Amino acid sequence: MSSSLFSVEGLSQALSIEFLSLGLSVAGLGVLSHVSIFRTLPVEEYLYGLLGLYIVTLCLVALIYIFATNLALLQVLIRVGWIAFAFNGALLSSIGIYRLFFHRLHHFPGPVLSKLSRFYDAYLAGRNVQYNVEIARLHDTYGDFIRTGPREICIVRKSAVPLIFGPESKCLKSTYYAQVSTQAEFCSIHQTRDVVDHRKRHKAWDRSFSIKALATYEPRVKDKVDQFASYIGSNLGQPLDASAWSMFLSFDIMGNVGFGKEFNNLATGIEHPAIKGIHDHMAVLGTMGHVPWLLNLANRIPGAVSGYSSFFQWCTNEIERKQQDWDMDKSPQDIVSWLLKAYVEKDISAAPTEAALHQDSRVIVVGGSETVATTLASALYYLAKNPAVLSKLQCHLDEVMPGRSKDWSYEKVKSVTYLDDIIHETLRLRPAVMTGGYRVTPAEGLQIDEVYIPGDVNVFVPVQLIQTDERYYTDAKQFVPERWNEKTEMCSESAPFFPFLLGPYTCPGKNLGMMSLRISLSTLAQLFHIQFSPGETGEAFETKTRDTFTTTLPPFQIQFQSR
Ligand code: HEM
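Predicted model, so just to flag it, every value in this text is computed and none were measured.

Now, about the overall build of the chain: what can you tell me, with residues and values included?
Summing up its helical and strand segments, the chain has 23 helices and 12 strands in all. Residue pairs at least 24 apart in sequence account for 74% of intrachain contacts in the chain once pairs closer than 6 positions are excluded.

This is how it looks when you write it as structure tokens:
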């Protein structure tokens, strides 16, 4: 019994085995844990449990060493450090070898480092914050199916679009959306990966974008645009940063229509602090979002995301303020009120918790402002660069509204199909989300043309890249609004076009977004000539746009002249 492992002496003997033997035994355990547990376990789901278990185990080992051996504290620490090193080293090596040679995606081409870890794509996304450009480069090197992560395939084929995003698709949102939580009750509508939760909550959002609701938003959007036009009218011929001012306008629209509040960017010409918060948040999302579990972890470490945590707090404050001020007997007049109404009435479509409601407020702020702003600024860029397109638009607008601003009505604007052609062409070349829409394949996998993608694999189709692919569009990189109506031969049959995505996860704010863009562009084009300011070449716009999940544009200067 004295030499048994269960006696103190036996335990002490076992613990004092040679360093090498100890390392090898623990390494064996590391490999075993990969093969038996980690290979199939969705780590994101159990992240905190696993981290806790790991730390508790190391502490227990240290305590056993302290009480069952005569080793000094430093010797104990060295042994525990060695155990951790051997375990982690073996685990990571086993994962690496498996991912490179035995993984069900091992035959897909792609950079070796991407096959090993998502950290490489986070690095690619972060180095110039132009993941869209990196993906285009990888596409040139590796073809249409690229392994961009151990369990991720990027697909540049039009046949993939309906299969992944279409109404019948069985693909769900991938772990990319688990940056805040893996539990639906703490997620926004955008982050929830629970398909039933998503379907239910969508109904409350749909009510906030119904035809009736949009009709109440329309004059308020027009008011903001008129305020912008009036500022321009008093600053004719002056350089104006189209990126910044488009954001001022869309942020003010979002404040009014989203929260029923005035944010006064247009009135003051001063950027609201939350706009910086949005950009900081999106910059982190555009890079660290590629390793969602790390972002999830960082969100819980005090100070780790201090750059944008004040923005999160601001969104929470805004919705709490609204909760206090809101008169539930009145019919909702803004998006938040529709969501609050569902929440207060405990409707089936309500956000499941207050935390989820707070997350929803962030979606309104980011989804409702940044997307419209980049599209509007991009359209202004193309109009300034293509005077013939602007003149043609002005002719069409004058035809239906000869008295110009006196005759302006949204109904008439909607009849000008050339305006929609300009917006579509802008969204084709410069979609507000250039490389988003991360999904996971169903258990049975997905057959895309000649290629079979196994089940439970993250997939995405880079929106901007495929919408500017010469196989599907003639002169694909050129701005030609005519391709949508007059020269349809410039688009191949079922050419991929999905700037709002498609299917169940499609953008619910599409109609509001289109309305804001139509009102803004028709009003500005009706009143003004739009040109680049002297010295503006547009080069920065072409080369310095950043892929921060939603697009962030560099400043560029335009000026307006009265017509
Ligand atoms: C030009 C304007 C817009 C564009 C191009 C656009 C584009 C998109 C895209 C591509 C997505 C899918 C993102 C993903 O699946 O990860 C999305 C989702 C969403 N958008 Fe928009 N959007 C626009 C305007 C708006 C507006 C004005 C709102 C109003 C608040 C809005 C609210 C949302 C919401 C709530 C989602 C999440 C939907 C879900 O996951 O079910 N969007 N948008």
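Any chance you could break down the confidence of the model for the chain for me, citing the residues and the numbers?
Residues at a pLDDT of 70 or more form 96% of the chain, whose mean pLDDT is 92. Interface confidence for the predicted complex, given as ipTM, is 0.98, next to a pTM of 0.92.

Quick rundown of the pairing of strand 12 (residues 557-562)? Include the residues and the values.
Taken together, the two bridges between strand 4 (residues 240-241) and strand 12 define a ladder with antiparallel strand orientation. The residue of strand 12 that forms the bridge with D241 is Q557. In this structure, strand 9 (residues 528-532) lies alongside strand 12, joined through five bridges in antiparallel fashion. Of the residues in strand 12, the one forming a bridge with H529 is Q561.

Go over the domain arrangement of the chain with me, naming the residues and quoting the values.
Taken as a whole, the chain is organised into domain 1 (8-102) and domain 2 (172-562). Distance from the C-alpha centre of domain 1 to the C-alpha centre of domain 2: 48 Å. A class-by-class count of the residues in the side of domain 1 that touches domain 2 yields two nonpolar, no polar and two charged.

Any details on the UniProt feature "transmembrane region" (unreviewed entry) in the chain? Residues and values, ideally.
Mapped onto the present numbering, the UniProt feature "transmembrane region" (unreviewed entry) falls on residues 12-35, 47-68 and 80-101. Along residues 47-68 one finds 100% helix and 0% strand; the C-alpha atoms at either end are 31 Å apart. As a span, residues 80-101 carries 100% helix and 0% strand, and end to end its C-alpha atoms are 31 Å apart.

Kindly report on the UniProt feature "binding site: heme" (unreviewed entry) in the chain, identifying the contributing residues and their values.
Here, the residues flagged by UniProt with the feature "binding site: heme" (unreviewed entry) are C507. Tracing the chain through its elements places C507 in the loop between helix 21 (463-467) and helix 22 (510-527). Overall, the presence of 19 C-beta atoms within 10 Å leaves C507 in the partly exposed class. Filtering out sequence-adjacent residues up to four positions away, C507 remains in contact with F500 and L501.

Describe unusual backbone geometry, listing the residues and the values that go with them.
Look at D449: it is not a glycine, yet its phi comes out positive at around 50°. Looking at where D449 falls in the secondary structure, it is placed in the loop between strand 6 (446-448) and strand 7 (451-453). Judged by local crowding, D449 falls into the partly exposed class, with 13 C-beta atoms found within 10 Å. In the Ramachandran plot, L501 falls in the positive-phi region, its phi being about 60° despite a non-glycine side chain. Following the sequence through the fold, L501 ends up in the loop between helix 21 and helix 22. You can call L501 buried: it has 20 C-beta atoms within 10 Å.

Just give me the short version of the sheet that holds strand 4, but keep the residues and values in it.
Strand order in this open sheet of three strands is 4-12-9, and the pairing throughout is antiparallel. Bordering the open sheet on either side are strand 4 and strand 9, each of which pairs with just one other strand.

Give me the lowdown on the packing of helix 17 (residues 354-385) against helix 20 (residues 417-429), citing residues and values where you can.
Two numbers describe how helix 17 lies on helix 20: the axes approach to 9 Å, and their chain directions differ by 105°. Between helix 17 and helix 20, the interaxial angle falls into the category roughly perpendicular. In contact with T375, S378, A379 and Y382 of helix 17, helix 20 contributes I422, I423, T426 and L427. When its residues are assigned to classes, the contact of helix 17 with helix 20 shows five nonpolar, three polar and no charged.

Just give me the short version of the packing of helix 11 (residues 242-259) against helix 17, but keep the residues and values in it.
Taken N-terminus to C-terminus, the directions of helix 11 and helix 17 make an angle of 145°; their axes are 8 Å apart at the nearest point. Between helix 11 and helix 17 lies a crossing whose hand is right-handed. Residues A242, S243, S246, M247, S250, F251, M254 and G258 of helix 11 pack against I364, V365, G368, S369, V372, A373, L376, A377, L380 and Y381 of helix 17. The residue inventory of the contact of helix 11 with helix 17, partitioned by class, reads 12 nonpolar, six polar and no charged.

For the site of the ligand, give the residues involved together with the corresponding values.
Near the ligand you find 24 residues, and of these G367, G368, C507, G509 and G513 are the closest. The set of elements that each furnish at least two residues to the shell around the ligand consists of helix 17 and helix 22. By residue number, the principal contributor to the shell around the ligand is helix 17, which donates seven residues. Along the lines of polarity and charge, the residues of the shell around the ligand split into 15 nonpolar, nine polar and no charged.

I'd love a proper account of the environment of Y473, names of residues and values included.
Topologically, Y473 is positioned in the loop between helix 21 and helix 22. What makes Y473 buried here is the crowd of 22 C-beta atoms within 10 Å. Linking Y473 and W408, residues 65 residues apart in sequence, is a C-alpha distance of 34 Å. If sequence neighbours within four positions are ignored, Y473 has contacts with T468, M490, C491 and A495.

Calculation notes
Residues numbered from 1 in each chain as written. Predicted model: local features only at pLDDT ≥ 70, side-chain atom pairs only at ≥ 80, totals over all residues. Helix = DSSP H or I, 4+ residues; strand = E, 2+ residues; numbered from the N terminus. Contact = placed C-beta atoms within 7 Å. pLDDT = per-residue confidence, 0-100. Pairing = 2+ DSSP bridges. Domains from an automatic or database assignment. Nonpolar A, V, L, I, M, F, W, Y, C, P; charged D, E, K, R; others polar. UniProt positions renumbered as here; feature names shortened; annotations may be inferred. Buried ≥ 20, exposed ≤ 12 C-beta atoms within 10 Å, placed from the backbone. Axes fitted to C-alpha atoms, helices over the stretch in contact; angles between N-to-C directions. Parallel < 35°, antiparallel > 145°, perpendicular 65-115°, else oblique. Left-handed = near helix turned anticlockwise from the far one by under 90°. Near = placed C-beta within 6 Å.

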